[in-house]
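So you can see what is in the structure, the chains are spelled out below.
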Amino acid sequence: MSEATTAVFGRDRIQYKTHEQILAMRRAGLVVANALDAVREAVKPGVTTADLDEVADRTIRAAGAIPSFKGYYGFPASLCVSVNAEVVHGIPGKAVISEGDLVSIDCGAILDGWHGDSAFSMVVPGGDSVRAVEDQALIDTTEAAMWSGIAALKVGGRLGDVGAAIEDRVGGRFGILEDYVGHGIGTEMHMAPEVLNYRTRDRGPKVRAGLCVAVEPMLVAGSIETTVLGDDWTVVTNDGKRAAHWEHTVAVTEDGVWVLTARDGGQAALAALGATVTPLA
Ligand code: MG
Ligand code: MG
């Protein structure tokens, strides 16, 4: 899940984690990775968004973890499924997935009191091929921007470097949502600090070892103006244009970054960006 922003870096106390705590968060992160893999496999024309929620819920609970979204401020499901013009926080239900849909899946889990939070977007094969190319460009840019943001995280840097890197990678080709942002994560899903997806004059707090954040750019093909539907959750673009969302939970250590919700810790994607990626020992 993403956090509604106050558009300033929060000055609340940041929870810096010890090495042992990061190892615990890695275990939670891998539960989320497994759940998202299972859901990705299940995304097919004809399934309902509630079916996908069931897959995530089952996978998380089978790992001995708890779905963090369920009951979060009353959210009724274990997964957010946001389709086409829905940006984030879509509630699973009777809606049926169709060929050519742009589907964004967001999942969170708690294991031994520690949170993981991750999301991806995909196009359901078989739809209009021109639209699929456009949608895939939106999705690929969102994912690339997320990795650039993660690569900007390093001890001694500033948290605002993340948003600057995301904005630079997007290069004005798509709109970057400002109403929802990434966040600190640890013993709660949403904690200080906010992680903005764009450049601001305030470069934000210094990045210190033990910082754990969810980096999650949300990009739109049109205007960044959004509305929350009457279900109090689903965020949609006002112009009906499509949106994409990618997210990973990342730990910063003295030795580099490690992506807790990526099976390889982010090594493959981050190697090309010159980031120092160091497996947790
Ligand atoms: Mg999040
Ligand atoms: Mg999320």
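Residues numbered from 1 in each chain as written. Chains lettered and ligands numbered in written order. Predicted model: local features only at pLDDT ≥ 70, side-chain atom pairs only at ≥ 80, totals over all residues. Heavy atoms only, no water.

Asker: Hey, could you run me through the overall build of the protein in this one?
Answerer: From N to C terminus, the protein includes five helices and 16 strands. Taken against the 2.2 N^0.38 rule, which gives 19 Å for 281 residues, the C-alpha radius of gyration of the protein at 17 Å falls within 12% of a compact globule. In the protein, buried positions account for 57% of the 281 residues. Restricting to contacts in the protein with at least 6 residues of sequence separation, those with at least 24 account for 71%. Summed over its atoms, the accessible surface of the protein is roughly 11300 Å², and 51% of this surface lies on carbon and sulfur atoms. Measuring between centres, the 24 positive side-chain charges of the protein sit 5 Å from its 37 negative side-chain charges. (Helix = DSSP H or I, 4+ residues; strand = E, 2+ residues; numbered from the N terminus. Rg over C-alpha atoms; globule rule 2.2 N^0.38 Å. Buried < 20%, exposed > 50% of the residue type's maximum accessible area, 1.4 Å probe, protein only. Contact = heavy atoms within 4.5 Å. Areas by Shrake-Rupley, 256 points an atom, 1.4 Å probe, with all protein chains shown as cover. Lys, Arg positive; Asp, Glu negative; His and termini not counted. Charge placed at Lys NZ, Arg CZ, Asp CG, Glu CD.)

Asker: Is there a simple way to explain the coordination of the magnesium ion (ligand 1) in this structure?
Answerer: Four donors placed tetrahedrally about a metal ideally form angles of 109.5 degrees, and six donors placed octahedrally ideally form angles of 90 or 180 degrees. Around the magnesium ion (ligand 1), the protein contributes the donor atoms Met 1 (O), Asp 117 (OD), His 183 (NE2), Glu 216 (OE) and Glu 247 (OE), at 1.8 to 2.2 Å from the metal centre. Each donor residue of the magnesium ion (ligand 1) lies on the same chain, and together they follow the pattern M-x115-D-x65-H-x32-E-x30-E. (Donors = N, O, S within 2.8 Å, 3.2 Å for Na, K, Ca; no water.)

Asker: Even after reading the chapter, I still don't get the sheet that holds strand E13 (residues 235-237), so can you show me in this structure?
Answerer: Backbone hydrogen bonds are what pair the strands of a sheet, in a parallel or an antiparallel way. With respect to topology, three strands assemble into an open sheet ordered E4-E13-E12, the strand pairing being antiparallel. Sheet topology places strand E4 (86-88) and strand E12 (226-228) at the edges, where each strand pairs with a single neighbour. Mean inter-strand twist for the sheet, computed between neighbouring axes without regard to direction, equals 40°. Relative to E13, E12 runs antiparallel, the two sharing three bridges. Bridging across to E13, Val 228 finds its partner in Val 235. (Pairing = 2+ DSSP bridges. Axes fitted to C-alpha atoms, helices over the stretch in contact; angles between N-to-C directions.)

Asker: Just checking my understanding: could you explain the coordination of the magnesium ion (ligand 2) for this structure?
Answerer: The coordination sphere of the magnesium ion (ligand 2) contains the protein donors Met 1 (N), Asp 106 (OD), Asp 106 (OD), Asp 117 (OD) and Glu 247 (OE), at a distance range of 1.8 to 2.6 Å. All donor residues of the magnesium ion (ligand 2) come from one chain, and their arrangement in sequence is M-x104-D-x10-D-x129-E. Between the magnesium ion (ligand 2) and the magnesium ion (ligand 1) the interatomic distance amounts to 3.2 Å, and Met 1 serves as a bridging ligand to the pair. Taken together, the residues Asp 106 in strand E5 (residues 102-111) and Glu 247 in the loop between strand E14 (243-245) and strand E15 (248-253) connect sequence positions 141 residues apart. Relative accessible area serves as the criterion here: at 2%, Asp 106 is assigned to the buried category.

Asker: How should the packing of helix H1 (residues 19-42) against helix H2 (residues 49-62) be read in this particular structure?
Answerer: A pair of packed helices is characterised by two quantities: the angle between their axes and the separation of those axes. Interaxial distance between H1 and H2 falls to 9 Å at its minimum, and their mutual angle equals 150°. For the element pair H1 / H2, the angle class is roughly antiparallel. Relative to H2, H1 is oriented so that their crossing is right-handed. Judged by residue contacts, Val 31, Asn 34, Ala 35, Ala 38, Val 39 and Ala 42 of H1 engage Leu 52, Val 55, Ala 56, Thr 59 and Ile 60 from H2. (Parallel < 35°, antiparallel > 145°, perpendicular 65-115°, else oblique. Left-handed = near helix turned anticlockwise from the far one by under 90°.)

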